[in-house]
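Notes for the structure review
Listed below, chain by chain, are the residues.
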Amino acid sequence: MTDMNKNLRNLPGVDHLLELAKKDQKFSDIPRSVVLDSLRQTLDRIRKDILAGTDPVITDDIILENALISAQEKIKPRLVSLINATGVVLHTNLGRALLCDEALFHITAVAKTYSNLELNIETGKRGSRYDAVDGLICELTGAQSAIVVNNNAGAVLLALNTLARHKEVVVSRGELVEIGGSFRVPDVMEKSGCILKEVGTTNRTHLRDYEAAASERTALFLKVHTSNYKIEGFTTSVALKDLVSLGRGKGVSVMEDLGSGTLIDFSKYGLPHEPTVGDAVRSGADVVTFSGDKLLGGPQAGIIVGKKESIDQIRKNPLTRALRIDKLTLAALESTLKLYRDEERAMQDIPTLKMLTLPFTEILKKADILFHAIKNAIGSLAEIKFSDMNSRPGGGSFPELDLPTRCVTVQPVNLTVSRLETAMRLSTPAIIGRIEDDRYILDPRTIQDGQETIISSTLARILKEK
Ligand SMILES: *Cc1c(COP(=O)(O)O)cnc(C)c1O
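These numbers were taken from a predicted model, which means no experiment stands behind them.

Thoughts on the overall build of the protein chain
Counting its regular elements, the protein chain contains 19 helices and 14 strands. Expressed as lengths along the three principal axes of its C-alpha atoms, the size of the protein chain is roughly 90 × 55 × 50 Å. The proportion of buried residues among the 466 residues of the protein chain is 48%. Sequence separation of 24 or more characterises 74% of the internal contacts of the protein chain that already satisfy a separation of 6 or more. Per element, the accessible surface of the protein chain, about 23300 Å² overall, is 50% carbon and sulfur. With 60 positive and 60 negative side-chain charges, the protein chain shows a separation of 3 Å between the mean positions of the two kinds.

Quick look at the structure:
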């Protein structure tokens, strides 16, 4: 008891500690408020320990050392770069598309200085931020008009709100999807102020279902790309162009939410055919929406293309201002889109496209480099093998598609696979692999050049610590 009181009395004051920290080089980069917070927390913790009956050794140095660790933790960035060894190219949790170098240069260039974001340089008058990309988007998709907003969820909300508020929107029951991250078609529709009119069944919807549902209250026929799942077997859905002809006859507009939306016909590169944005535009849809950071491989953005009349209406909606795209995104989007003028260049320079279509021979080379880097670093601390498996495109593109890959698998001799996975994840940089059949799996498809050595040295450190 007396010890406890004595210990509490002997705790140094926070002002005294702060003075010491001020003179300590190790604290020099840490803001005073953070140091103070950390010192208080450290003292609190010690006080609790004393009250709980322990008899801790307390010196100024020990307290400062503990406070330094907690202060460093506090100033560490929360959003950090990491290594994606999952093989999922558009990994929603890992930031979806990587930007191309051109986009990065462009972002830096317009971020460091003033820009003509909303100035028409020729006339000296006010310009529109959308001028940077709308012409380019029309050129690449064949659309009459285009506008870009913050993301595709916003694009869908905005388009529905503009074209169908207080009116009915007819959607197939097979397309009332949830995309993840709480984007659900019926909920977005409700928020946009329109009335959902479901037609057909989960697996089959016919043109006559849309026809029967259309009335004077109908503003829109909506098609939604079932991005992240696939219905197989006895199924029917209505082609966009058929819906367009029906809509024309009835005076109902037609919109398609393509979700991922690609400008490239991937069937040329050995992947399944996905209708391109150009296909949707040619089908005659009034409005087509898609993401900037899925198959397009650019920054997060929502792109809306379509008939001039519809896009003009969308531009005038006050919601457009609330959802407007930021200048850094605009810079990245313009640079990414420009690459599409030369498809070969796009396939090489846009990381998403490159990773998705990486030839198997290239995967083998990458797997080999990874395998040998690991083998050299860890010797016999784990069993290392090749395993032919599948990567996934991810990001709601190409649902259920398997991309053949060759993974490197690691089975530690004296550590469980799940502890290895955790330790890799908690390293700096974090390395995200996966576990399958009690093996730790590294897929070279999404590992960037040069990251092999980080992976192997991290593995070596973890396995040698054991
Ligand atoms: C991904 C997706 C969305 C949401 O797009 P974000 O760019 O993530 O906002 C909407 N609709 C479909 C069909 C999608 O696949």
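Past the structure itself, the notes keep going.
Thoughts on the site of the ligand
Around the ligand, 13 residues are found, and the nearest of them are R96, S227, D257, S291 and K294. Interatomic distance of 2.7 Å between a side-chain N/O atom of R96 and an oxygen atom of the ligand. One of the side-chain N or O atoms of S291 is found 2.5 Å from an oxygen atom in the ligand. Within the complex, the protein chains bury 94% of what would otherwise be the 380 Å² of accessible surface of the ligand. When residues of the shell around the ligand are traced back to their parent elements, those giving at least two are α7 (152-164) and β7 (253-259).

Thoughts on the sheet that holds strand β13 (residues 434-436)
What holds strands together in a sheet is hydrogen bonding between their backbones, with the strands either parallel or antiparallel. Pairing within the open sheet is mixed, and its 5 strands lie in the order β2-β10-β11-β14-β13. Pairing within the sheet leaves two strands with one partner each, and these edge strands are β2 (88-90) and β13. With strand direction ignored, the average angle separating the axes of adjacent strands in the sheet is 40°. Across 2 bridges, the pairing between β2 and strand β10 (residues 382-394) is parallel. Its bridge partner being in β10, V88 is matched across the sheet by R392. Packing against the sheet, helix α17 (residues 360-378) makes contact with β10, β11 (403-412) and β14 (439-442), and its axis sits at approximately 10° to β11. Helix α18 (residues 417-425) rests against β11, β13 and β14 of the sheet, and its axis sits at about 35° to β14.

Some details on the domain arrangement of the protein chain
The domain boundaries assigned to the protein chain delineate domain 1 (2-75), domain 2 (82-91 + 357-465) and domain 3 (101-349). For domain 1 and domain 2, the distance between their C-alpha centres works out to 41 Å.

Topic: the sheet that holds strand β9 (residues 302-306)
Strand order in the open sheet formed by 7 strands is β3-β9-β8-β7-β6-β4-β5, with mixed pairing between adjacent strands. Two strands in the sheet have a free side with no partner beyond their single neighbour: β3 (145-149) and β5 (195-199). Strand-to-strand, the axes of this sheet are offset by a mean angle of 25°, without reference to chain direction. Looking at chain direction, β7 and strand β8 (residues 287-291) are connected through 4 bridges and run parallel. Bridge pairing in β8 links M255 to V287. Those strands touched by helix α6 (residues 131-141) are β3 and β9, and its axis lies near 120° from that of β3.

As for the side chain of E256
If you trace the backbone, E256 turns up in strand β7. No salt bridge is formed by the buried E256. Its closest oppositely charged neighbour is K223, at 5.4 Å. Those residues in contact with E256 that sit more than four places away from it in its chain are K223, L240, A280, V287, V288 and T289.

So, the pairing of β14
Side chains on a regular strand alternate between the two faces of the sheet. Neither face of β14 is left uncovered, since the one carrying R439 and I441 and the one carrying Y440 and L442 both have all their residues buried. In terms of strand pairing, β13 meets β14 through 3 bridges, oriented antiparallel. Considered in β14, the bridge of R434 is made with I441. Here β13 hands over to β14 after 2 residues, with D437 in that stretch at a positive phi of 50°.

Side note on the pattern of salt bridges
Applying the stated rule across the entire model yields 31 salt bridges. Across the pair D24 and K26 runs a salt bridge whose closest N-O atoms are separated by 3.8 Å. Note on D24: relative accessible area 19%, which makes it buried. On the basis of relative accessibility, which here comes to 56%, the residue K26 falls in the exposed class. One continuous salt-bridge network, built from bridges that share partners, spans E118, R126, R129 and R324.

The rules behind each value
- Here the residue index of a chain counts from 1 through its sequence in written order.
- Where totals are concerned, whole chains, interfaces and linings use all residues; where local detail is concerned, this predicted model gives features only for residues with pLDDT of at least 70, and gives and counts side-chain atom pairs only at 80 or more.
- No hydrogens and no water enter the side-chain calculation; it runs on all heavy atoms of the structure.
- Put simply, DSSP H or I for four residues or longer makes a helix, DSSP E for two residues or longer makes a strand, and each gets a number counted from the N terminus.
- Accessible area is worked out with a 1.4 Å probe on protein chains only. A residue is then buried under 20% of its type maximum, exposed over 50%, and partly exposed in between.
- Contact criterion: two residues are considered in contact whenever any of their non-hydrogen atoms come within 4.5 Å of each other.
- For accessible areas, the Shrake-Rupley method is used with a probe of radius 1.4 Å. Any residue's cover is judged against the shown protein chains and nothing else.
- Here the positive residues are Lys and Arg and the negative ones are Asp and Glu; neither His nor the chain ends is included.
- Charge placement uses NZ in Lys and CZ in Arg. For Asp and Glu, CG and CD serve respectively.
- Throughout, the term near means that a residue has one or more heavy atoms lying within 4 Å of the molecule or strand in question.
- Definition of a polar contact: a pair of N or O atoms within 3.5 Å, with one able to donate and the other able to accept a hydrogen when the atoms are protein atoms, and with sequence-neighbouring residues admitted only if both atoms are side-chain atoms.
- In this scheme, strands are said to pair when DSSP sees at least two bridges between them.
- Structural elements are reduced to axes, namely lines fitted to C-alpha atoms, with helices fitted over the stretch in contact, and the angle between N-to-C directions of any two is expressed from 0 to 180 degrees.
- Residue ranges for the domains trace back to a domain assignment, done automatically or taken from a database.
- Salt bridge criterion: a side-chain nitrogen from Lys or Arg within 4 Å of a carboxyl oxygen from Asp or Glu.

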